[in-house]
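Inside the fold
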Amino acid sequence: MIADEAHSSQTGDAALKLRKVLSAAELAELAELADGGEVSMDDVLAAEMSNRAGSAGITYVAFTATPKAKTLELFGRRPNPDEPAGPGNLPAPFHVYSMRQAIEEEFILDVLQNYTSYKLAFQLAQEGQSLSSEEVERNAALKKLMGWVKLHPHNIARKVEIVVEHFRQFVWPLLDGKAKAMVVVGSRKEAVRWKLAIDKYINEKGYPLGTLVAFSGEVSDAESGPDGFSERSQSLNPGLKGDIREAFKGEGYQILLVANKFQTGFDQPLLCGMYVDRRLDGIQAVQTLSRLNRCHPGKDTTYVVDFVNEPDDILAAFKTYYATAELAVATDPNLILNLKTKLDAQGHYDEFEIDRVVKVLLDDNRSDKVRQSQLMAAIEPVAQRLMTLYKEARLAYRQTEDSNDGDTLKRAKDELAALTLFRSDISTYGRFYTFLSQIFDYANTGLEKRAMFYKALLPLLEFEREINTVDLSKVVLTHHHLRDLGTRKLDLKQGDSPAIPGMDPGGGGVQDKNKVELAEIIAKLNELFNGELGDNDKLPYVCSVIRGKLLESATLSQQAAANSKQQFSNSPDLNKALLDAIIGAFDAHQLMSTQALNSEAVREGMIDILLNHTNLYEDLRDQNRHAMGRCR
């Protein structure tokens, strides 16, 4: 079986169905040998599990330039096939034609040779004298505020000017004036506003440039127009006929704007420039920027202008796949057993209820309509029991939220958190079991039954999300500056190549919502430092530069693991490490570093932001846990 692109879907339900078809003869043979011509439910499940894990006689060949951990574990070859995957015996590609070799042999281009990054600095305020005292969840508020800034007409207009003028100066002259560029934005609404803004700018300047925008479905944006927008909207792509890929090949279009589309698999050799205004991480960064790497006669230069991402993060993502992509760790098959024990212990179901659901799911002798009716009758008692528990806990929480009964409030909050985590855990179980059961023969039908049971139960647990409305009606953008950090070559040949992190089911807890006043968040963004906004980038300085240096401290990791956040905040080692980090960042951030060194109040404010806004404490604890795990 040959997979031209080893997408993750091949490790999910689609792969299971395919393998079931391929192993039909074995299942038929098993049925004939069974006593009385019938097979028990456990026999059928055991056969399916064994076939998934063994797949004797089937050779899988998968091609991919950017394998995920899941892809390597499923298709990779262990040095010692007779031993399970683990340290010293990690799955690896059968054959490698690396990015490095492809660049050296001129089959593709190095797309990081001209990388320009920008930093956005801004200030917000609220109209009128009184600031909003509305409490909001911190992460939701920050996301809302940043999204509001990204959609602000001034922000888009400024970036449009940079994109168009950079394209005219550096990209358009390439390939005898036939070079093209792609603009990558973060959402469909952003794509609509960017397209309208870039067309307006081009028309005002009288530039002979044509643009297209690509995104899926339809998006509503009342500020841009009363009707919904799609690729076929005349206000966005007037006169578009046929497929956008084909239209973009023509000489009438030079710039293509995309939102969650054409970032993978899009092949246009004339692309010489890319403008990025969305967060790109890991594989997504490599796949997106690699739209530029196609060769074409006379094409030897590409340009990337990035408004969002850190160049070092982009370089690290590419270096993972520059030579041989290697797996850091193999997924522990015992995590399924641990999850089973954890879920069973909560007492929300019993073996009889599991068997009742699985029996219906395995009954192929009834119509789909009858089976669905029987399935609902089998699973609804469990779902209704859980939904009742959740509604009672939510009601108790809301009734006591404004009271002084701390014990009752804590019990209700803990019950809500436990039920929310239960739902998350059964989803995790299903996702990891679907994958791991293709590698390991667990020989335990109870695990298979639970995967089927949880899959049927999960859609019925409609737990409401506590959504706080963030009122942005009075927020105004008072200052805005895009600082050009310069163009550099991101050298793929320098430094070590990071391994691909292993699959991780995530943490085992539900964090309390961290509520703050909207005004406080705006103040945190604006007021920690004084000075010219154009010469500073306050939030990245604290949340990225200083935080990154503190995360390098093994001492702080150990102290965070051994102390509460309050105790850790008073650690003299934290203050010393902060001073060292400020001094270390002095050359690149002189003004802010000078203010921080000369003011204890500024340093105290930095510690507050680091501990309460950036998860520094939690990440240090996680680092220590992982370090201890490696030692063992």
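Here, every reference points to the structure presented above.
Below is a short write-up of the structure. Computed from a prediction, not measured in an experiment: that's the story for all the values here.

A short note on the sheet that holds strand β8 (residues 271-277)
The strand order across the open sheet formed by seven strands is β6-β7-β5-β8-β9-β3-β10, and the pairing between neighbours is mixed. The open sheet has two edge strands with one neighbour each: β6 (211-214) and β10 (475-488). Averaged over all adjacent pairs, the angle separating strand axes in this sheet is 15°, with direction ignored. Two elements, strand β3 (residues 115-126) and strand β9 (residues 303-306), share three bridges in a ladder whose sense is parallel. Its bridge partner being in β9, Ser 117 is matched across the sheet by Asp 306. Strands in contact with helix α9 (residues 188-205) are β5 (180-185), β6, β7 (255-258) and β8; relative to β6, the strand with the most contacts, it is inclined by about 175°. Those strands touched by helix α11 (residues 282-289) are β3, β5, β8 and β9, and its axis lies near 145° from that of β8.

A look at the environment of Leu 460
Positionally, Leu 460 belongs in the loop between α17 (445-457) and β10. For Leu 460, a relative accessible area of 26% puts it in the partly exposed group. Sequence separation between Leu 460 and Glu 380 is 80 residues; the distance between their C-alpha atoms is 7.9 Å.

A look at the side chain of Gln 254
Summarising the element assignment, Gln 254 is placed in the loop between α10 (244-249) and β7. Judged by its relative accessible area of 7%, Gln 254 is buried. A distance of 2.6 Å separates the side chain of Gln 254 from the backbone nitrogen of Gly 210, its partner in a polar contact. A distance of 2.8 Å separates the side chain of Gln 254 from the backbone oxygen of Glu 251, its partner in a polar contact. Discounting chain neighbours no more than four positions away, the residues touching Gln 254 are Phe 167, Trp 172, Ala 179, Lys 180, Ala 181, Pro 208, Leu 209, Gly 210 and Phe 248.

As for helix α20 (residues 554-562)
Every buried residue belonging to α20 is among Leu 556, Ser 557, Gln 559 and Ala 560, and all of these are buried. The N-cap of α20, judged by a side-chain oxygen 3.4 Å from the amide nitrogen of Thr 555 a few residues on, is Ser 553.

Quick word on the pattern of salt bridges
According to the stated counting rule, one finds 26 salt bridges in the structure shown. The partner of Lys 576 in a salt bridge is Asp 580, and the shortest N-O contact between them spans 3.2 Å. Of the two residues, Lys 576 and Asp 580 both sit in helix α22 (residues 572-584), four residues apart, roughly one turn of that helix. In the salt-bridge network here, residues are joined through shared partners; they are Lys 150, Lys 159, Glu 190 and Asp 277.

Thoughts on the nonpolar core
Ranked by internal contacts, the top residues of the largest apolar core, which has 84 residues, are Leu 112, Leu 256, Leu 289 and Leu 457. Of the residues forming this core, the biggest block, eleven residues, is contributed by helix α16 (residues 406-436). Not counting residues within four places of it along the chain, the set of residues in contact with Leu 256 comprises Ala 181, Met 182, Val 183, Leu 212, Val 213, Ala 214, Ile 244, Phe 248, Phe 262 and Phe 266. Counting residues in each nonpolar core, the second largest holds 48 residues, with Leu 124, Tyr 207, Val 213 and Leu 236 among its members.

Side note on the packing of aromatic side chains
Each pair of aromatic rings is reported with the distance of its centres and the angle of its planes. Under the defined criterion, the tally for this structure stands at 16 aromatic pairs. Considering the side-chain rings of Phe 262 and Phe 266, the 5.0 Å spacing of their centres and the 20° angle between planes classify their relative orientation as stacked. According to the relative accessible area criterion, Phe 262 is buried, its value standing at 7%. A relative accessible area of 2% places Phe 266 in the buried class. Aromatic pair Phe 440 and Tyr 442: ring centres 6.3 Å apart, planes at 55°, arrangement tilted. The same class applies to Phe 440 and to Tyr 442, which are both buried. An aromatic cluster of at least three residues, connected via ring pairs, comprises Tyr 349, Tyr 429, Tyr 433, Phe 440, Tyr 442, Phe 453 and Tyr 454. Here the guanidinium or amino end of Arg 168 rests over the ring plane of Tyr 207, the centre of that ring lying 3.9 Å away. Seen from the ring of Phe 248, Lys 180 lies directly overhead, with NZ or CZ sitting 4.9 Å from the centre.

Here we look at the environment of Trp 172
In this structure, Trp 172 sits in the loop between α7 (153-171) and α8 (174-177). Sequence separation between Trp 172 and Gly 273 is 101 residues, and the spatial gap between their C-alpha atoms is 8.8 Å. What Trp 172 contacts, discounting residues up to four positions off in sequence, is Phe 167, Gly 177, Lys 178, Ala 179, Pro 208, Leu 209 and Gln 254. Side-chain polar atoms of Trp 172 contact the backbone oxygen of Gly 177, separated by 3.3 Å.

Focus on the pairing of β7
Where burial is concerned, the two faces of β7 agree: the one with Ile 255 and Leu 257 and the one with Leu 256 and Val 258 are both buried. Here four bridges tie β5 to β7, and the two strands are oriented parallel to one another. Residue Ala 181 lies in a different strand from β7, and its bridge partner there is Ile 255. The sheet contact formed by β6 and β7 spans four bridges and is parallel. If you follow Val 213 over to β7, its bridge partner there is Leu 257. With α10 bridging β6 and the parallel β7, this β-α-β connection has right-handed handedness.

Some remarks on a nonpolar patch on the surface
On the surface, a cluster of nonpolar side chains totalling about 300 Å² of accessible area is made up of Ile 2, Val 61 and Phe 63. Tracing the sequence through the fold places Val 61 in strand β2 (residues 61-62).

A look at the pairing of β8
Counting buried positions along β8 yields seven of seven residues, so the element is predominantly enclosed. Where β5 meets β8, six bridges bridge the pair, whose relative direction is parallel. Residue pairing in the sheet places Ala 181 in a bridge with Gly 273 of β8. By the bridge criterion, four bridges tie β8 to β9 in an arrangement that is parallel.

Some points on the packing of α16 against α17
Put simply, α16 and α17 touch, their axes get as near as 9 Å, and they point 125° apart. What the angle tells us is that α16 and α17 run oblique. Crossing of α16 over α17 shows left-handed handedness. Along its contact with α16, which presents Phe 422, Ile 426, Tyr 429 and Tyr 433, the element α17 presents Leu 447, Glu 448, Arg 450, Ala 451, Tyr 454 and Leu 457.

Digging into the side chain of Lys 195
Take Lys 195: it is sitting in helix α9. Non-local contacts of Lys 195, meaning those with residues more than four positions away in its chain, are made with Thr 211, Leu 212, Val 213, Leu 236, Asn 237 and Leu 257.

Digging into unusual backbone geometry
Here Leu 175, not a glycine, exhibits a phi torsion of approximately 55°, which is positive. Checked against the element boundaries, Leu 175 lands in helix α8. Backbone geometry places Asp 176, a non-glycine residue, at a positive phi of 55°. Residue classification places Asp 176 among the exposed residues on the basis of a relative accessible area of 78%.

Conventions used here
- Residues numbered from 1 in each chain as written.
- Predicted model: local features only at pLDDT ≥ 70, side-chain atom pairs only at ≥ 80, totals over all residues.
- Heavy atoms only, no water.
- Pairing = 2+ DSSP bridges.
- Helix = DSSP H or I, 4+ residues; strand = E, 2+ residues; numbered from the N terminus.
- Axes fitted to C-alpha atoms, helices over the stretch in contact; angles between N-to-C directions.
- Contact = heavy atoms within 4.5 Å.
- Buried < 20%, exposed > 50% of the residue type's maximum accessible area, 1.4 Å probe, protein only.
- Polar contact = N/O pair within 3.5 Å; in protein donor to acceptor, adjacent residues only side chain to side chain.
- Salt bridge = Lys/Arg side-chain N within 4 Å of Asp/Glu carboxyl O.
- Core = buried A, V, L, I, M, F, W, Y, C linked by side-chain atoms within 4.5 Å.
- Phe/Tyr/Trp six-rings, centres within 6.5 Å; stacked < 30°, edge-to-face > 60°.
- Lys NZ or Arg CZ within 6 Å of the ring centre and 35° of its normal.
- Right-handed = clockwise from strand over helix to strand, strands pointing away.
- Patch = residues over 30% accessible without salt bridge, like charges linked within 9 Å, V, L, I, M, F, W, Y side chains within 5 Å.
- Areas by Shrake-Rupley, 256 points an atom, 1.4 Å probe, with all protein chains shown as cover.
- Parallel < 35°, antiparallel > 145°, perpendicular 65-115°, else oblique.
- Left-handed = near helix turned anticlockwise from the far one by under 90°.

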